[in-house]
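Remarks on the overall topology
The chain contents come next:
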Amino acid sequence: AANLGCGEANRRGIESAASGGVALLNNDTEVGPGWLEALLVPMLADPSIAAACSVLELMHHPGVLNAHGGGMTWLGYGFDRAFGRPLSVLEDAPPLHDVLFPTAAAMLMRRKEFEAIGGFDRTFLMYHEDVDLGWRWTLAGRRVVVVRDSRVKHAFGGTTASRHGDAWRARMGMRHNVRTLLKCFGAGMLLRALWSIA
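My aim in this report is to walk through the structure given alongside it, one point at a time. (Residues numbered from 1 in each chain as written. Predicted model: local features only at pLDDT ≥ 70, side-chain atom pairs only at ≥ 80, totals over all residues. Heavy atoms only, no water.)

Right, let's get into the nonpolar core. Ranked by size, the top nonpolar core spans 21 residues in total, and within it L24, M107, M109, F114 and W137 carry the most contacts. Elements that contribute at least two residues to this core include exactly β1 (21-25), β3 (49-58), β8 (106-110), α4 (129-139) and β9 (143-154). The greatest single-element share of this core, amounting to four residues, is contributed by β3. Residues L39, L56, A67 and L108 belong to the second largest nonpolar core, which totals 14 residues. (Core = buried A, V, L, I, M, F, W, Y, C linked by side-chain atoms within 4.5 Å. Buried < 20%, exposed > 50% of the residue type's maximum accessible area, 1.4 Å probe, protein only. Helix = DSSP H or I, 4+ residues; strand = E, 2+ residues; numbered from the N terminus.)

Right, here's the structure in full:
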């Protein structure tokens, strides 16, 4: 009866799942052929991989990347790697690439790895929960990869645009960014980052 937010809603779904692997897929996506199998192959081959994510293509701009996994600036801003670049730049890319966080619009993860680091932060209503999750996996010494041959089209910001708008999205992103910094940065880097953000 209430909107619990992306992280908490997904957490409840994951909690009720019976399998050892859990796939997440946004409601504003269209999957390509074999997208899930392509994510599964490296995870079966390498137990050090906690999660694998798809290459995201902008649904309304065919041939343009939405994300090749996720990265982060030293201020804690998560970003979609290769956003806006042509999909053709991946022709010579390796099959797997290690990234800081999996873009949760289309990803597969080990349930036990998700639970081991506490899952999604329940205080995050929407946005940045995948950045926070991936950073904690990295700090725990686990791998997150983007899989070149798993392709999903994403209507970037499609759900939020129809309900809240860009200002709300930016506010949620900044709030959750700061919460992640408070959890994951050491004292010196935290002070520098918060000073620059302020």
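From this point on, the discussion continues.
Applying the stated criterion across every chain, the model contains two aromatic pairs. When the centroid spacing of 5.3 Å and the interplanar angle of 90° are considered together, the rings of W135 and F185 count as edge-to-face. Placement of the pair is W135 in helix α4 and F185 in the loop between α6 (166-184) and α7 (187-197), with a sequence separation of 50 residues. With relative accessibility at 7%, the residue W135 sits in the buried group. (Phe/Tyr/Trp six-rings, centres within 6.5 Å; stacked < 30°, edge-to-face > 60°.)

On the secondary structure map, E37 appears in helix α2 (residues 35-45). For E37, a relative accessible area of 52% puts it in the exposed group. Separated by 131 residues in sequence, E37 and W168 place their C-alpha atoms 35 Å apart.

Let us now look at the side chain of N66. Within the secondary structure, N66 is located in strand β4 (residues 65-67). Reaching out from N66, the side chain makes a polar contact with the side chain of D80 at a distance of 3.2 Å. One polar contact links N66 to H154, side chain to side chain, over a distance of 2.7 Å. (Polar contact = N/O pair within 3.5 Å; in protein donor to acceptor, adjacent residues only side chain to side chain.)

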